[in-house]
Amino acid sequence: MKKLLALLLALVMAVAVFTACGDGNKPSGGASADKDSYTGIAYSSDTVYDYLYSAEITTMNYLTTSVTYNQISLANFIDTLVEYDAFGNVVPCLAENWNVSEDGLTWTFNLRENAKWFTCEGEEYAPLTAHDFVYALHLVCDVDFGSDMPNLVTDYLVNGNEIYSGEITDFSQLGVEAKDDYTLVFQLKAPCPYFLSLLTYGCYMPINGAFYESLMVEPAEATVAPEATPGEGEEEEVLDNTFGTDRDKILYCGAYICSSWEPQQEYVWDKNENYWDAEHVYLTCINGKYNAQADSIAPEMFLRGEIDSCKITTTILDDWLEGENAEYVHGSKKDARIMYMLFNFNPNFDDKAASDNYRVAVNNKNFRMSIVHGLNKTYCVSPYDPHNAEALVTNLMIPVNFANCEGKDYTQYGKLPELAKGFYDEELAKQCRDTAKQELAAEGVKFPIEIPVFYNPSEPNMDQSCQLLEKQLEDVLGNDFINITVYAGPSTNFIGEVRRPGLWGLFEAGWGPDFADPSTYFDPFGYGWTYGSQEFILGDEYKTGHIYTEEDYKSGVISDEELIGQPQFVFNSLVEAARAESSDMNARFEKFALAEQYAIEEALLMPFRQYNEGYVASRLTVFDRQDAMAGICAYRYKGMRLLEKSYNMEEFNKAYEAWEKAKAN
Amino acid sequence: MLKYILQRFLRALLSLFIIVTTIFCLLRLMPIEGYLGPNWEKMSKEVIAAKLAAKGLDKPVPAQLFDFYKALFNGDLGKSWIYRENYPITKIIMPKMAVSARLGAMAMALSLLLGIPLGASMARSKGKWPDRMGTAFVVLIQAAPSAIYFLFIQMYATSGTGIPMLYNARAPISWILPIISLALPSIASYGMWMRRYMVDAINQDYVKLARAKGIPERSIMMRHVFRNAFVPMVQLVPSSLLYTIMGSLYVESIYSIPGMGGLLIDVIQRQDNTMVQALVLIFSGVGILGLFLGDVMMALVDPRINLQRKEESR
Amino acid sequence: MRMKNLFRKGAVLERMAEGMTLQLERDLIDEKDGLSAQESQRLAPSLFEIGGYNEEMVEATGYSNYSYWRCTFQAFWKNRVARFFLLSLAALLLFTLVQPYLPNQMGPAEIFNFEDGTVKRNLAPNSEYWFGTNAVGQDLWARIWSGTRTSLFMALIVACSDCVIGIFIGVLWGYVRKLDGVLTEAYNIIDNIPRTIILILISYIMRPGMVTMIISMCCVGWLGMARFIRNQIVMIRDRDYNLASRCLGTSTARIMNRNLLPYLVSVIMLQISLAIPSVISDEVFLTYCGLGMPKAIASLGNLVEEGRKVMMSPKLQYQLIFPALVVTFITVAFYMIGNAFADASDPKNHV
């Protein structure tokens, strides 16, 4: 009853806010306040967003977690220093303005004074100050705190790594400082052009020190706790803090407050009416209901009006697009995650002979090119989007609109525009195959060459995609040349069981950006990573002649001590050169483009597809969402509304086009 | 009697101990990456080491096992690793246990209410159509995979009837289908046994005598047939409890009931091993307890069973 | 005490196995024994004449031409329901075996494209693809039969290994009295845990796949078999007629063959035929939990799981209904046949 009342109250307030606020920050002018500016679909008077979810929040400790579905909720509970607008521009959030010193090392942020902490009951707890950021960063840099991604802090702030490894025990030496209550200063190790995008990560969120300390478990209780074996005192101190384990175990400074959380049942987030930017929060309540089988059940519930959005899996997509439900189905904005097809230069198949056979073959450039030219990406990607597979295919390592320098998109640098056209050419593939056959036969390779391909059973549609890949490549290149076999990997720990041991010949791997700079996409291909194991490429033409030294390790060129004494590779040196260039962005992008071009032209890897959420039926506005390629801002509901009716394909495409145009301006 | 109960109880404890220890050790054989959540690949070596140490996984297995039992003795099942990071398992499980227990109890009540009349009416119309229909039902339920007919129930019973597809704690109408699904296997087994015991009893001489004496059929059925047939039914209750547990794994998952059955599948898929341990302990405990109670109940209900004497005869 | 406990605990499952249809048929026969007045009049009057005393006849010893197996099959054949299931199951099994060799059949893993190179996804049943195609563009008809073969193959392996392990342990358990206590304890411990939990755990800890599934099912399957064998041996071994046979100098082989085996054969047959439905059910369940076979392999569990994912879309429900019907038919048929055979093999019913 109480909940119902609260809901009613919220509704009434919503209507009040709605009529009061008029057109706040409408993306493009000219639209009236009650219609979507792109399509003219009316906004719904319903401001409670109901949906079905299958992945439960595991923790509300936003400083430690790196799990997407945790971040979705935490992004709405906690604000960051800066955020993005609907077109991907950085805008102030908790920081009202900021400036950078000449040398690019000192960043000073002036915080807004009207931001407050609230408890889960919506009561004001304390003002949010610069000290809260300092406290949080000290926690993140404490190894015992157990943050998932401390590197995003320790690699950038002065003394970060030293404090994390315990060399320096005085936390005040970390490169962050509260000048006064509302002035926050960061000291960086090196200039970092993309520092603002880092600030949108959970590990840069603030935490109220007094509240955190109030959650320390009482010593009396701690002795009863079983893990409290002597000799572990230090760890216990941190472990037994209950911060983030429940909705009343965090404070809120964002647009929403979690007013109910019953794991595996439901959660309710109510709009915080006292939020500093409450007028731009249009959805008054976010109401998630749990179902382990959400994907198969949600569409039906959407049609019955029980929920406002659902995913339309490819299996039922045709059914929806053909019938009257086509009115509700639309695509989604592309994600910044890129999936690659990797070649394995260090194969370790179960079958030793096949493995050695493949090792020789994969080191032959013509063999790799025959696959690069033979692979019909559109066909193989079709399980992910049978109607518009073309749009998902990517031929580059970095998506369009991810990073730009003075208005020039990264993908326009160097030879990239040419590479983006793709390589699929069956004739060329057959030529390469014939050359490769001759060359490899001379080296004693046995045909057909066995290529194991694994799929992850918990990744939807991947099994289908792999089966299509098998058929397609074998059709083009012939069964007598290659023999692809599709295996199922384990659904838990797929990467550890399959990719790292090297059981595969071709492997679809992916990478999402950590910050808004091309270099993030080159991280997985650094020396010593298992993404393709480039250090095992045999050909001398790929080696630079430079051998990694102790110096390189100390200066951070290589992160693994074992690599000292190993040869350096061309691709690696290209990437390192590009990374080193941090002052001239134009030159930096040129250099990254060169590295990317090398990797693609030498067929060290094949960019495969860009990730997207697939088709949905959803009454949520799509393009009011914060547009962020990296960080957690894209998960915020702030600024979003419910429509009278879900977009259909046509409306979506039209709006997407209009939005992209608006973004480019 | 007391000695018997004590003996059974100790044996139950021993079973539990062996099961939990075996599972604990086996789970430690699994690759450690699974403990770090989906994003472990972006973690550095130091982060991974710190996380494992925090979970006590850096110690040798016997030490971990010792810690586990020590905690268990204090009524503490440990903390969840992945499902809800760092949250006490007992607190996670308690509310779920209540949900499962409530549904389970309702399903068992329903199966008794439907199963026994079903069996009784089948026995009375032996060989006629109601009996044949009942038999076909029983065979179908017992032979066909429950996973399949549960799905069909969910698929057809929700379209057009206004019954929601998912469980909702506040809308009792949504409890109907899960309860029916949970009860079906037990209904079938109660029906089958009730019918058989009744047929046995009807063929007894004392029933013939009662008929010969002209006692009304109704009271023969109630007094002589039904009551005699009902006694052995008692021992079926625990096995029906086992059916309900097994069913709950699947039913709770498809109806998204926030109970323990769905939870087990969930934590298995997410490799939260402390939770798996705790749940296996509880499920096995319930199973063992059920059988134990069944034996004891049988001994109490049926005066003809004398445990002491038979024990000596062995 | 132990033994009593053991019997009672097993009793539920044991008797369940006997099935009730046959009981029903038996009951019907009992009632039909009463003849109507007309029928009794039609009986030959010579039957009612007094035979008188004949010394030769008194001394004559008869030799029954009773054959255990003939009677078993006769009794089985009389059961109309079982007969129906046996014949149709035999037809189905034969069909699954020869199906790949029939003309115009497609491969279960083959992917079909339209002329324009796109995949034939989710085609409703039509004249070319009788059961339609699935989301990858594979022929559901071919997949169902291939899946039936896979699942039945697995079921047979599990059933046979259950028997081998079960008989071996059961014989030890029954004959070697020293082992009785240990094995009884072990049995009680394993039997106390819900079967599904063991299945899930084993499949979880090992890497999912066919071998893992077979192993996990064998781990729980032998229990029932071992207990049956042990109980039969304990019961039969010291029966008077066996003692008598031994006293009369019958060879052990003949005792085994004539006196013990008939009892055990019926039990074994029953176990095998009941193991098959339960293996198929378990496979469906494990696949649901994500612990099944690789999806590329057609098996009944995978097909049902594929169908389950699309069941809320009415046009695609055929992807669930066809495999579900096949699974249901196979499991029910094996269950009925097993029970009918168990009843028929009971010498008490050979009158």
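Everything numeric in this text was worked out from a predicted model, so none of it was measured.

Concerning the overall build of chain C
Phase 1 of the analysis: A count of helices and strands for chain C gives 14 helices and zero strands.
Phase 2 of the analysis: When its helices and strands are written in sequence order, chain C yields α-α-α-α-α-α-α-α-α-α-α-α-α-α.
Phase 3 of the analysis: Going through the 351 residues of chain C one by one, you find that 53% of them count as buried.
Phase 4 of the analysis: By sequence separation, contacts in chain C at least 24 residues apart represent 70% of the contacts at least 6 residues apart.
Phase 5 of the analysis: Counting every atom, chain C has about 16900 Å² of accessible surface; 65% of that belongs to carbon and sulfur.

Observations concerning helix α6 (residues 80-98) of chain C
All names here are of chain C.
Phase 1 of the analysis: An ideal rise of 1.5 Å per residue puts 27 Å on 19 residues; α6 measures up with 27 Å between its terminal C-alpha atoms.
Phase 2 of the analysis: Residues A82, F85, L89, L92 and T96 constitute the buried set of α6. Buried residues of α6, seen end-on, are gathered within an arc of 100° and therefore sit on one face of the element. Away from the buried face of α6 by more than 90 degrees, exposed residues R80, F84 and L94 are located.

Regarding a nonpolar patch on the surface
All names here are of chain C.
Phase 1 of the analysis: On the surface, a nonpolar cluster with roughly 590 Å² of combined accessible area is contributed by F168, V171, L172, Y175, V176, L179 and V182.
Phase 2 of the analysis: Mapped by element, the contributors of at least two residues to the nonpolar patch are α7 (140-175) and α8 (177-192).
Phase 3 of the analysis: In terms of residue count, α7 provides more of the nonpolar patch than any other element does, four residues in total.

Topic: the packing of aromatic side chains
Each aromatic ring pair is summarised here by two numbers: the centre-to-centre distance and the angle between the ring planes.
Residues and elements named next belong to chain A.
Phase 1 of the analysis: The tally for this structure, following the rule as stated, stands at 70 aromatic pairs over all chains.
Phase 2 of the analysis: Joined through ring pairs, the aromatic side chains of Y49, Y51, Y53, F77, Y252, Y256, Y267, W269, Y290 and Y637 make up one cluster.
Phase 3 of the analysis: If you follow R112 out to its NZ or CZ, it ends over the ring of W276, 3.6 Å from the centre.

Topic: helix α11 (residues 260-269) of chain B
Residue and element names in this part refer to chain B.
Phase 1 of the analysis: Buried residues dominate α11, accounting for nine of its 10 residues.
Phase 2 of the analysis: Looking at α11, one finds that the buried residues are M260, G261, G262, L263, L264, I265, D266, V267 and I268.
Phase 3 of the analysis: Q271 lies just past α11 and shows a positive phi near 55°.

So, the packing of helix α13 (residues 365-374) of chain A against helix α18 (residues 462-477) of chain A
Each packed pair of helices is defined by two parameters, the angle between the axes and the distance between the axes.
Residues and elements named next belong to chain A.
Phase 1 of the analysis: One can describe the packing of α13 onto α18 by two numbers: an axis separation of 10 Å at closest approach and a directional angle of 115°. Taken together, α13 and α18 sit at an angle that is classed as roughly perpendicular. α18 is crossed by α13, and the crossing has right-handed handedness. Counting all contacts with α13, which are made through S370, I371 and G374, the residues of α18 involved are Q472, L473, V476 and L477.
Phase 2 of the analysis: Residue classes in the contact of α13 with α18 are distributed as four nonpolar, three polar and no charged.

Let's talk about the packing of helix α5 (residues 129-143) of chain B against helix α14 (residues 318-344) of chain C
Phase 1 of the analysis: Relative orientation of the contacting elements α5(B) and α14(C) amounts to 110°, with a least axis distance of 9 Å. The angle between the axes of α5(B) and α14(C) places the two elements in the roughly perpendicular class. Crossing of α5(B) over α14(C) shows right-handed handedness. Where α5(B) approaches α14(C), its residues V139(B), L140(B), Q142(B) and A143(B) are matched on the opposing element by T328(C), T331(C), V332(C), Y335(C) and M336(C).

Section: the interface of chain B and chain C
Phase 1 of the analysis: Contacts between the two partners involve 70 residues from chain B, matched on the other side by 55 residues from chain C.
Phase 2 of the analysis: The interface formed by chain B and chain C holds zero salt bridges in total.
Phase 3 of the analysis: Remark: the boundary between chain B and chain C carries two residue pairs in polar contact (both at pLDDT 80 or more).
Phase 4 of the analysis: Of all the secondary structure elements, the ones that give two or more residues to the side of chain B that touches chain C are α1 (2-27), α5, α6 (146-158), α7 (176-202), α10 (236-254), α11, α12 (273-301) and α13 (307-313) of chain B.
Phase 5 of the analysis: Counted by class, the side of chain B that touches chain C contains 44 nonpolar, 14 polar and 12 charged residues.

Focus: the sheet that holds strand β9 (residues 183-187) of chain A
Residue and element names in this part refer to chain A.
Phase 1 of the analysis: Spatial strand order, β4-β5-β9-β8: four strands in an open sheet with antiparallel pairing. Of all the strands in the sheet, just β4 (95-100) and β8 (176-180) have a single pairing partner and so form its edges. The sheet shows a mean angle of 20° between the axes of neighbouring strands, direction not considered.
Phase 2 of the analysis: Pairing of strand β5 (residues 106-111) with β9, which is carried by five bridges, proceeds in the antiparallel orientation. Each residue of the ladder has a partner; that of T108, found in β9, is V185.

Things to note about the side chain of T64(A)
Phase 1 of the analysis: Looking at the secondary structure, you find T64(A) in the loop between β1 (48-53) and α2 (68-77).
Phase 2 of the analysis: At 3.1 Å, the side chain of T64(A) forms a polar contact with the backbone oxygen of N61(A).
Phase 3 of the analysis: Look past the residues within four positions of T64(A) in its chain and what remains in contact with it is F145(A), G146(A), S147(A), D148(A) and E85(B).

Section: the interface of chain B and chain A
By convention, interface size is frequently given as the accessible area that disappears when the constituent parts associate.
Phase 1 of the analysis: Between chain B and chain A, the contact holds 50 residues from the first and 55 residues from the second.
Phase 2 of the analysis: Summed over both sides, the interface of chain B with chain A buries roughly 4100 Å², with 48% coming from carbon and sulfur.
Phase 3 of the analysis: On inspection of chain B and its partner chain A, the count reaches one salt bridge.
Phase 4 of the analysis: Here D246(A) and R84(B) are joined by a salt bridge, their closest N and O atoms 3.2 Å apart.
Phase 5 of the analysis: Here chain B and chain A share five residue pairs in polar contact (both at pLDDT 80 or more) between them.
Phase 6 of the analysis: If you tally residues by element for the side of chain B that touches chain A, the top one is helix α2 (residues 45-54) of chain B, at seven residues.

Some details on the confidence of the model for chain B
Phase 1 of the analysis: This prediction gives chain B a mean pLDDT of 81; 92% of its residues lie at or above 70.
Phase 2 of the analysis: Every residue in residues 308-314 of chain B is under pLDDT 50, and counting partners more than four places away or in other chains gives nine contacts.

Things to note about the pattern of salt bridges
All names here are of chain A.
Phase 1 of the analysis: Tallied over the full model, the rule gives 33 salt bridges over all chains.
Phase 2 of the analysis: Of the charged contacts in the structure, one is a salt bridge between K249 and D248, with a shortest N-O distance of 3.7 Å.
Phase 3 of the analysis: Judged by its relative accessible area of 40%, D248 is partly exposed.

So, the confidence of the model for chain C
Residue and element names in this part refer to chain C.
Phase 1 of the analysis: With 86% of its residues at a pLDDT of at least 70, chain C reaches an overall mean of 79.
Phase 2 of the analysis: When the elements of chain C are averaged for pLDDT, helix α1 (residues 2-18) gives the smallest value, 45, and α6 the largest, 92.
Phase 3 of the analysis: Contacts from residues 1-14, a stretch scored under 50 in pLDDT, to residues over four places away or in other chains number 46 contacts.
Phase 4 of the analysis: Note on the complex model: pTM 0.78, ipTM 0.80.

So, the state of the cysteines
Two cysteines form a disulfide when their sulfur atoms are joined by a covalent bond.
Phase 1 of the analysis: For the structure on display, the rule yields zero disulfides over all chains.
Phase 2 of the analysis: C285(A) carries a free sulfur, and the closest cysteine sulfur to it, the one in C258(A), is 10 Å from it.
Phase 3 of the analysis: Left without a disulfide partner, C219(C) is nearest to the cysteine sulfur of C218(C), which lies 7.2 Å away.

What counts as what
Each residue is numbered by its place in its chain's sequence as written, counting from 1. For this description, chains carry letters from A and ligands carry numbers from 1, given in the order in which they are written. Confidence filtering applies because this is a predicted model: local features only for residues at pLDDT of at least 70, side-chain atom pairs given and counted only at 80 or more, and all residues used for totals across whole chains, interfaces and linings. Side-chain calculation: all heavy atoms of the structure are included, whereas hydrogens and water are not. Strands here are runs of E lasting at least two residues and helices are runs of H or I lasting at least four, both read from the DSSP assignment and numbered beginning at the N terminus. With a 1.4 Å probe rolled over the protein chains alone, any residue whose accessible area is under 20% of its type maximum counts as buried; one over 50% counts as exposed, and the rest are partly exposed. Note on contacts: a residue pair is in contact if any heavy atoms of the two residues lie within 4.5 Å. Residue burial considers only the protein chains on display, and all accessible areas are found by Shrake-Rupley using a 1.4 Å probe. By definition here, a helix of n residues has an expected span of 1.5 Å times n minus one. In this context, the arc is that of the directions from the helix axis out to the C-beta atoms. A patch consists of residues exposed above 30% relative accessible area that lack any salt bridge, with like charges linked at up to 9 Å and nonpolar side chains (Val, Leu, Ile, Met, Phe, Trp, Tyr) linked at up to 5 Å. In the sections that follow, a salt bridge refers to a side-chain nitrogen of Lys or Arg positioned within 4 Å of a carboxyl oxygen of Asp or Glu. Classification of ring pairs uses Phe, Tyr and Trp, with its six-membered ring standing for Trp, and accepts pairs whose centres are within 6.5 Å; under 30 degrees between planes counts as stacked, over 60 as edge-to-face, and the remaining range as tilted. Only when the NZ atom of a Lys or the CZ atom of an Arg is both within 6 Å of the ring centre and within 35 degrees of the ring normal do we say a charge sits over the ring. Only C-alpha atoms enter the line fits that serve as axes; for helices the fit covers just the stretch in contact. Angles between N-to-C directions range over 0 to 180 degrees. An angle below 35 degrees is read as roughly parallel, one above 145 as roughly antiparallel, one from 65 to 115 as roughly perpendicular, and any other as oblique. Two helices cross in a left-handed way if the nearer one is turned anticlockwise from the farther one by less than a right angle. They cross in a right-handed way if the turn is clockwise. In this classification, the charged set is Asp, Glu, Lys and Arg, the nonpolar set is Ala, Val, Leu, Ile, Met, Phe, Trp, Tyr, Cys and Pro, and all remaining amino acids, among them Gly, are polar. Nitrogen and oxygen atoms within 3.5 Å of one another constitute a polar contact, given that in protein one can donate a hydrogen and the other can accept it, and given that sequence-neighbouring residues count only through two side-chain atoms. We call two strands paired when DSSP finds no fewer than two bridges between them. The quantity reported as buried area is the accessible area (1.4 Å probe) lost by two parts once they are put together, taken as the sum for both. A score from 0 to 100, pLDDT tells how confident the predictor is in each residue. In this description, a disulfide is simply a cysteine sulfur pair whose atoms lie within 2.5 Å.

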